[in-house]
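The primary structure of each chain is shown beneath.
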Amino acid sequence: MTAELYIQNGGIVYQPAVLDGMQWSTERKGTPGKLTFQVVNDGVLNIQEGNPVKLIVDGVNCFFGYIFKKQRSKDKIISVTAYDQLRYFKNKDTYCYIGKTASQLLQMICADFNLKAGAIEETGYVMDTHTAVAYAAYQKYKAESGENGRGGRCSGKRGQDLI
């Protein structure tokens, strides 16, 4: 099995030396994918929170996300935690809307948080007027799209925007 890890900072893409113990975890619903790993700080590597991370295993795009946390050790080792875009759906915001479909609500949330979305299937079901105050975006979408069993679906290629 071959794993390739890429981290982009501005216009520079790094393929750092990764230590053993990389962990990638996903769950079926409602929880963002998480990638944790340790890299060697060789003096050239310059990564920041918010940088995109891409993991390819045996030629297959497996993970695309962003660095949320990094810690440096005395031994020049950087421990990194990255989450996929679903992590941004845990943000809280206020939404007021009239006559939107679940698909339109999802497109609105993605645009507000600058998330990359693939094809979003149109549900055709128009929701009533709603105001959601300080509500996690994913919870709001889940609640609205599940109404009458007419949920939207989102698909896209993982990691398609990182070189």
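Note that the structure is predicted; figures quoted are calculated from it, not measured.

**Student:** Explanation requested: the overall build of the chain in the structure shown.
**Tutor:** Check the secondary structure of the chain and you find two helices and eleven strands. When the elements of the chain are put in sequence order from the N terminus, they spell out β-β-β-β-β-β-β-β-α-β-β-α-β.

**Student:** What am I meant to see in the packing of aromatic side chains here?
**Tutor:** The geometry of an aromatic ring pair is captured by the separation of the ring centres together with the interplanar angle, meaning the angle of the planes. For the coordinates displayed, the defined rule picks out two aromatic pairs. With centroids separated by 5.6 Å and ring planes inclined at 75°, the aromatic side chains of F64 and Y66 adopt a geometry described as edge-to-face. Under the relative-accessibility criterion, F64 is labelled buried at 12%. Between F68 and Y83, the aromatic rings sit 5.4 Å apart at their centres with planes inclined by 85°, giving edge-to-face as the arrangement. Pair noted here: F68 is in strand β6 (residues 60-72) and Y83 is in strand β7 (residues 77-84), with a separation of 15 residues, a long-range link.

**Student:** Would you mind showing me how to read the sheet that holds β7 here?
**Tutor:** Two orientations exist for strands paired in a sheet by backbone hydrogen bonds: parallel and antiparallel. Here seven strands make up an open sheet; going across it, the order is β2-β1-β5-β6-β7-β4-β3 and the pairing antiparallel. Whereas interior strands pair on both sides, the edge strands pair on one side only; in this sheet they are β2 (12-14) and β3 (23-25). Strand after strand, the sheet turns through a mean of 30° between neighbouring axes, direction not considered.

**Student:** Help me understand the pairing of strand β4 (residues 34-40), please; the structure alone is not making it clear to me.
**Tutor:** Each regular strand carries side chains that alternate between the two faces of the sheet. Two elements, β3 and β4, share three bridges in a ladder whose sense is antiparallel. What sits directly across from Q23, in β4, is T36. Both β4 and β7 contribute to a ladder of seven bridges, which runs antiparallel. Following the sheet pairing, L35 is matched in β7 by A82.

**Student:** Help me out: how do you make sense of the pairing of β6 in this one?
**Tutor:** Here six bridges tie strand β5 (residues 52-57) to β6, and the two strands are oriented antiparallel to one another. Within β6, the position partnered with V57 by the bridge is V60. Counting the residues between successive antiparallel strands, the hairpin from β5 to β6 contains two residues, one of them, D58, with a positive phi of roughly 50°. By the bridge criterion, seven bridges tie β6 to β7 in an arrangement that is antiparallel. Within β7, the position partnered with G65 by the bridge is D84.

**Student:** Before we go on, may I ask you to explain the nonpolar core in this structure?
**Tutor:** Across soluble globular proteins, nonpolar side chains show a tendency to be buried alongside one another. Formed by 17 residues in total, the largest nonpolar core has its most connected members in L5, I7, L35, F37, I47 and V53. Broken down by secondary-structure element, the contributors of at least two residues to this core are β1 (3-9), β4, β5, β6 and β7. Here I7 is in contact with I12, V13, Y14, P16, F37, I47, N51, P52, V53 and I67, once residues within four sequence places are set aside. Listed in part, the twelve residues of the second largest apolar core include L105, M108, I109 and Y125.

**Student:** Looking at this model, I keep getting lost on unusual backbone geometry. Mind explaining?
**Tutor:** A positive phi angle is found at D58, which is not glycine, with a value near 50°. The topology assignment puts D58 in the loop between β5 and β6. Its identity as a non-glycine residue notwithstanding, K76 has a phi of 65°, on the positive side. Along the polypeptide, K76 turns up in the loop between β6 and β7. You can call K76 exposed: its relative accessible area is 56%.

Procedures and definitions
- Residues numbered from 1 in each chain as written.
- Predicted model: local features only at pLDDT ≥ 70, side-chain atom pairs only at ≥ 80, totals over all residues.
- Heavy atoms only, no water.
- Helix = DSSP H or I, 4+ residues; strand = E, 2+ residues; numbered from the N terminus.
- Phe/Tyr/Trp six-rings, centres within 6.5 Å; stacked < 30°, edge-to-face > 60°.
- Buried < 20%, exposed > 50% of the residue type's maximum accessible area, 1.4 Å probe, protein only.
- Pairing = 2+ DSSP bridges.
- Axes fitted to C-alpha atoms, helices over the stretch in contact; angles between N-to-C directions.
- Core = buried A, V, L, I, M, F, W, Y, C linked by side-chain atoms within 4.5 Å.
- Contact = heavy atoms within 4.5 Å.

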